[in-house]
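# Architecture and fold: a report
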Amino acid sequence: MHLHTLPDAGRPGDGLMDLDTVRAVSRAVTTAHLFIYLAPEAAEEAAELGVTDTGPAYLAFRSAAMGAVPWQVTLAAFYNFSPRAARAMAGVWDAAPPEQWQAARFRAAGRAMRRVDVHLTGEHIAEARSLIDPVVAGADYAGKVLAAANASVALPPDPLVALWQQITVAREWRGDAHLVVLADNDLGPCDCLVLHTATGRLPTALARATRQWDDEEWNAATARLVARGWLDSDSLLTDAGSAARERIEAETDEHCAALWAPIGTAGARRFASLIAPIANAFTAAPLHPSTKAVPPPRSRPRVRADGAVQ
């Protein structure tokens, strides 16, 4: 058990975070959030707004909390997308303003969770909110762009979707923290993606299609990782590379210990167990695709001859 002592022991919670629990609750949060990128309801809601290409829809849904930002801001916040991938969202705010995209995302989340029959009672939702709300309220958002944006969004009246949005804040908070660690370890946007695919947890073809790094960029990133001894000459992960990646995850856990401190180790464990039915329901749903995939940014929204976005 790895423990991380926090300086402010006067906050609610035990002031001592088990880093194994930080990792476990982070995984629970991620798996409870990710269905939104695969659920057919999201594509349907995007189509209602006039965008039928999955890439621009993904970028718009995830960026909406930040407001009508240009694609360059989304590129900075998402980190491992290439400029050509992020540029695909040009035109999405003409199709509909961010507020409509956010509302559509909430509708998609609610419809999807009810389609797969997420088993969370009103009492369980209330208990989960009693744990995640102080986490969101007490978080330090300095440098946490996507987390701060999502924390600023008004919660919807649907209790289950409101819980999911609070989960989203925690998920993006870890993601924002992870980017700091990546940069501190001199892992650029393409480099970190190449390293991820080398673990076998993300198919290279999917990573290349969604993030759209070209052959020259991908090969240069691979060469840099080989030079560091993290990949071998066949682009396979070395022991040093595996250790480096685990160190990066551990450093991210250390950042996230402060996030969960308001409810302590016991509260974080309880929260993870309370939200597990969300991911479990999607895993059990017939023909539900794996939540490890992310829809690819393929092209810009189609524009008709009269200038309207299709």
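Presented here is an overview of the structure given in this document. (Residues numbered from 1 in each chain as written. Predicted model: local features only at pLDDT ≥ 70, side-chain atom pairs only at ≥ 80, totals over all residues. Heavy atoms only, no water.)

## Observations regarding the state of the cysteines
The condition is simple: Here, a disulfide means two cysteine sulfur atoms that sit within 2.5 Å of each other. The cut-offs for exposure are 20% and 50% of the maximum accessible area for each residue type, with area from a 1.4 Å probe on protein chains only; residues under the lower value are buried, those over the upper are exposed, and the others partly exposed.
Using the criterion set out here, one finds zero disulfides in the structure. Cys192 supplies the cysteine sulfur nearest to Cys190, a cysteine that is in no disulfide, at a spacing of 8.1 Å. Judged by its relative accessible area of 5%, Cys190 is buried.

## Observations regarding the packing of helix α8 (residues 122–138) against helix α10 (residues 159–184)
Selection rule: Lines fitted to C-alpha atoms define the axes here, with helix axes fitted over just the stretch in contact, and angles between the N-to-C directions of these axes take values from 0 to 180 degrees. Working definition: helices are DSSP H or I runs of at least four residues, strands are E runs of at least two. Numbering for both runs from the N terminus. By definition, turning the near helix anticlockwise from the far helix through less than a right angle yields a left-handed crossing, and turning it clockwise yields a right-handed one. In this description, contact between two residues means that some pair of their heavy atoms is separated by no more than 4.5 Å. We call Asp, Glu, Lys and Arg charged. Ala, Val, Leu, Ile, Met, Phe, Trp, Tyr, Cys and Pro are nonpolar, and the rest, Gly among them, are polar.
The contact between α8 and α10 brings their axes to 10 Å, and the two run at 35 degrees. You can see that α8 and α10 cross each other, and the crossing is left-handed. Two secondary-structure elements touch here, α8 through Ile125, Ala128, Arg129, Ile132, Asp133 and Val136 and α10 through Pro159, Leu160, Ala162, Leu163, Gln166, Val169 and Ala170. Broken down by class, the residue content of the contact of α8 with α10 amounts to ten nonpolar, one polar and two charged.

## Notes on the nonpolar core
Spelled out, the test is: Put simply, buried Ala, Val, Leu, Ile, Met, Phe, Trp, Tyr and Cys residues joined by side-chain atoms within 4.5 Å make one nonpolar core.
Judged by nonpolar contacts, the single largest core of 81 residues is most densely connected at Phe35, Trp101, Met113, Trp260, Phe271 and Ile278. Examining the composition of this core, we find that nine residues originate from one element, α10, more than from any other. Contacts of Met113, omitting those with residues within four sequence positions, involve Phe35, Val118, Leu160, Val161, Trp164, Ile278 and Phe282.

## Considering the pattern of salt bridges
In plain terms, the rule: Salt bridges, as used here, are contacts in which a Lys or Arg side-chain nitrogen is within 4 Å of a carboxyl oxygen on Asp or Glu.
Applying the stated criterion across every chain, the model contains 19 salt bridges. Residue Asp253 is joined to Arg174 by a salt bridge in which the shortest nitrogen-to-oxygen separation is 2.8 Å. Of this pair, Asp253 sits in helix α14 (residues 239–260) while Arg174 is found in helix α10, placing the two residues 79 residues apart along the sequence. Across the pair, exposure class does not vary: Asp253 and Arg174 are buried alike. A salt bridge links Arg224 to Asp191; the shortest N-O distance between them is 2.8 Å. Taken together, the residues span a long stretch of sequence, with Arg224 in helix α13 (residues 215–227) and Asp191 in helix α11 (residues 189–198) at a distance of 33 residues.

## As for the layout of surface pockets
This is how the line gets drawn: Cavities and pockets were defined on a 1 Å grid built from protein atoms only: a cavity is a group of points that admits a 1.4 Å probe but offers it no way out, a pocket is an open group of points flanked by protein on both sides within 12 Å along at least five of seven lines, and a lining residue is one with an atom within 4 Å of any such point. Grid points are joined across faces, edges and corners, and a volume is the space filled by probe spheres set on the points.
Its boundaries defined by the atoms lining it, the largest pocket holds a volume of some 1500 Å³. Forming the boundary of the largest pocket are 42 residues, of which Thr30, His178, His196, Arg245 and Glu249 lie nearest the centre. For the lining of the largest pocket, the secondary-structure elements that each account for two or more residues are α1 (19–33), α3 (54–63), α4 (71–78), α10, α11 and α14. Ranked by the residues each element gives to the lining of the largest pocket, the list is headed by α10, at eight residues.

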